[in-house]
Amino acid sequence: MSQPLAHWLAAAVANNGLDLNLSGVIETIAAACAELSGILRLAPIAGQTGLAGHTNVQGEAQKQLDVISNDIFIKHLRRNADISILVSEELDEALHLENQGRFMVACDPLDGSSNLDTNVTVGSIFSVLAVDPANPDLLQPGTRQLAAGYAAYGPATSLVLTFGPSTVCFTLDDTGTWQLSHDALVVPASSGEYAINTARERFWDAATTDYVTQNVAGETGPAGKRYNMRWVGSMVADIHRILMRGGIFLYPLDSENLKTGGRLRLLYEANPMAMLIEAAGGSATTGRGRILEVQPDDIHQRVAVIVGSKDEVERVNALYARQP
Ligand code: AHG
Ligand code: MN
Ligand code: MN
């Protein structure tokens, strides 16, 4: 099955009507992720771990590798004349590249950076949208994404990708080539695994509390089956597990993050993950509606995220429907 990304994209252009320039945008992002993977592997030797000494627009302390990752994305995207705009977690404002291309990329250059110094899987998340470079609309709902994906820097380096109809996974080989490793990922409809930061329990709403209480009750509760809990602290790693074997990931709105609209960012965390999960047969909701239909009003807008196996997301939706 193994096939280099460039061949797979060329076949999609020839046979499935994939836009040639869009395929070039994906090759550009894939090259950025491949370079970043090499840097992350050697960062502890190169002295690139630890804090950068400043905070980003989200008020978060930037790690050196957050800054390096952002710079790598900018360097690669600049080389592609089809990309005119970059929205990044690490940049206060949208960056207008010199190019007049018709694509915009939104990215979280390094997701899970609190795990960096512990050698736990981190990732890069990206979303590709069409824009008019003369008058770009930066605030498009996720339904308008042309492509989305992430790289996971773990025991293997994975590139997970969708253009809408399906979700596929490539693995970086030791020549630096992305090779197709999983064709058409499918998120099983049911699962006994959930991921949520339970240390936030005292802030939860009734729907979240009820869902987790039912899971903890296992076969003795209304869910009628045993559950297990997993929380990596890198969304990329938690979502990768769900794409591979099912489960649900929740970062709901709670009484503490209510004022910011949630924890995770819509344009470059929630929307790309929602597109990948839906294309693999799963569901993605805020508890009150489909993530992909949320109309952004800010490039760094945050949103509630509940994604994964259809039956589990449906149980959460039903609990929200009971909550005023
Ligand atoms: P980032 O490192 O890009 O700021 O994102 C971290 C996110 C996400 O990866 C993860 O699921 C979540 O924050 C972890 O939140 P907690 O700190 O509440 O565990
Ligand atoms: Mn992130
Ligand atoms: Mn990040």
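Residues numbered from 1 in each chain as written. Chains lettered and ligands numbered in written order. Predicted model: local features only at pLDDT ≥ 70, side-chain atom pairs only at ≥ 80, totals over all residues. Heavy atoms only, no water.

(A) Structural view of the coordination of the manganese ion (ligand 2). Summarising the metal site, the manganese ion (ligand 2) is bound by the protein donors Asp108 (OD), Asp111 (OD) and Glu269 (OE), whose distances to it range over 1.9 to 2.2 Å. If you look at the manganese ion (ligand 2) and the manganese ion (ligand 3), they sit 3.8 Å from each other and are both ligated by Asp108. Residue Asp108 shares its accessibility class with Asp111, and that shared class is buried. (Donors = N, O, S within 2.8 Å, 3.2 Å for Na, K, Ca; no water. Buried < 20%, exposed > 50% of the residue type's maximum accessible area, 1.4 Å probe, protein only.)

(B) Region of the structure containing the site of ligand 1. In the vicinity of ligand 1, 18 residues are found, and the nearest of them are Asp111, Gly112, Asn197, Met235 and Tyr251. A distance of 2.8 Å separates an oxygen atom of ligand 1 from a polar backbone atom of Gly112. For ligand 1, an oxygen atom lies 3.0 Å from a polar atom in the backbone of Ser113. Computed on the free molecule, ligand 1 has an accessible area of 480 Å², of which 85% lies beneath the protein chains in the complex. Comparing atom positions with the cavity grids shows ligand 1 to sit within the second largest pocket. Of all the elements, strand β5 (residues 103-111) adds the most residues to the shell around ligand 1, at three residues. Split by residue class, the shell around ligand 1 holds six nonpolar, five polar and seven charged. Split by domain, the residues of the shell around ligand 1 number at least three in each of domain 1 (5-182) and domain 2 (193-321). (Near = heavy atom within 4 Å. Polar contact = N/O pair within 3.5 Å; in protein donor to acceptor, adjacent residues only side chain to side chain. Areas by Shrake-Rupley, 256 points an atom, 1.4 Å probe, with all protein chains shown as cover. 1 Å grid on protein atoms, 1.4 Å probe; cavity = no way out; pocket = protein on both sides within 12 Å on 5 of 7 lines; lining within 4 Å. Sits in = over half its atoms within 2 Å of the grid points. Helix = DSSP H or I, 4+ residues; strand = E, 2+ residues; numbered from the N terminus. Nonpolar A, V, L, I, M, F, W, Y, C, P; charged D, E, K, R; others polar. Domains from an automatic or database assignment.)

(C) Spatial organisation of the domain arrangement of the chain. Domain parsing of the chain yields domain 1 (5-182) and domain 2 (193-321). Its C-alpha centre places domain 1 at a distance of 23 Å from the equivalent point of domain 2. Ranking the residues of domain 1 by area buried against domain 2 places Ile125, Leu139 and Tyr150 at the top, with a combined share of 21%. Taken together, the connections running from domain 1 to domain 2 amount to three salt bridges. Between Glu60 and Arg263 there is a salt bridge, with the nearest N and O atoms lying 3.5 Å from each other. In this structure, the connection of domain 1 to domain 2 is made through 19 residue pairs in polar contact (both at pLDDT 80 or more). Here the side of domain 1 that touches domain 2 is built from residues that sort into 25 nonpolar, 20 polar and six charged. (Buried area = accessible area lost by both parts, 1.4 Å probe. Salt bridge = Lys/Arg side-chain N within 4 Å of Asp/Glu carboxyl O.)

(D) Examining the packing of helix α4 (residues 206-217) against helix α7 (residues 310-322) more closely. α7 packs onto α4 with a crossing angle of 135 degrees between their chain directions and a minimal axis gap of 8 Å. By the angle between their axes, α4 is oblique relative to α7. As for how α4 packs across α7, the hand of that crossing is right-handed. Here α4 contributes Ala207, Thr208, Asp210, Tyr211, Gln214 and Asn215 to the contact with α7, which in turn contributes Glu312, Arg315, Val316, Leu319, Tyr320 and Arg322. (Axes fitted to C-alpha atoms, helices over the stretch in contact; angles between N-to-C directions. Parallel < 35°, antiparallel > 145°, perpendicular 65-115°, else oblique. Left-handed = near helix turned anticlockwise from the far one by under 90°. Contact = heavy atoms within 4.5 Å.)

(E) The arrangement of the coordination of the manganese ion (ligand 3) in detail. Donor atoms from the polypeptide that coordinate the manganese ion (ligand 3) comprise Glu89 (OE), Asp108 (OD) and Leu110 (O), at 2.2 to 2.7 Å from the metal. Along the chain, the residues donating to the manganese ion (ligand 3) are arranged with the sequence spacing E-x18-D-x1-L.

(F) Quick peek at the side chain of Ser84. Looking at the element boundaries, Ser84 is found in strand β3 (residues 83-88). A polar contact of 2.8 Å, which involves the side chain of Ser84, links it to the backbone oxygen of Gly101. When neighbours within four sequence positions are excluded, Ser84 is seen to be in contact with Leu95, His96, Leu97, Asn99, Gln100, Gly101, Phe103, Val131 and Pro133.

(G) Seen up close, the pairing of strand β9 (residues 167-172). Counted residue by residue, β9 has five buried out of six residues, so it is predominantly covered. Relative to β9, strand β8 (residues 157-162) runs antiparallel, the two being bridged by five bridges. Along β9, the bridge assignment pairs Thr162 with Thr167. Here β8 folds back onto β9, and the loop between the two strands holds four residues, one of which, Gly164, carries a positive phi near 130 degrees. Pairing between β9 and strand β10 (residues 178-182): four bridges, direction antiparallel. Paired with Cys169 across the bridge in β10 is His182. (Pairing = 2+ DSSP bridges.)

(H) Main features of the environment of Gln301. Mapped onto the elements, Gln301 comes out in the loop between β15 (283-285) and β16 (302-303). Considering only alpha carbons, one finds Gln301 and Gly262, 39 residues apart in sequence, at a separation of 8.8 Å. Residue contacts for Gln301: discarding those within four places in its chain leaves Leu264, Arg265, Leu266, Val294, Gln295 and Pro296. Among the polar contacts listed, one links the side chain of Gln301 to the backbone nitrogen of Asp297, at a separation of 2.5 Å.

(I) Main features of the sheet that holds strand β4 (residues 95-96). Spatially, eight strands are ordered β4-β3-β5-β6-β7-β8-β9-β10 in an open sheet, and the strand pairing comes out mixed. The open sheet is flanked by β4 and β10, the only strands paired with a single partner. On top of the sheet, helix α5 (residues 235-245) reaches β5, β6 (122-130), β7 (147-153), β8, β9 and β10; it is set at about 105 degrees to β7, its chief contact.

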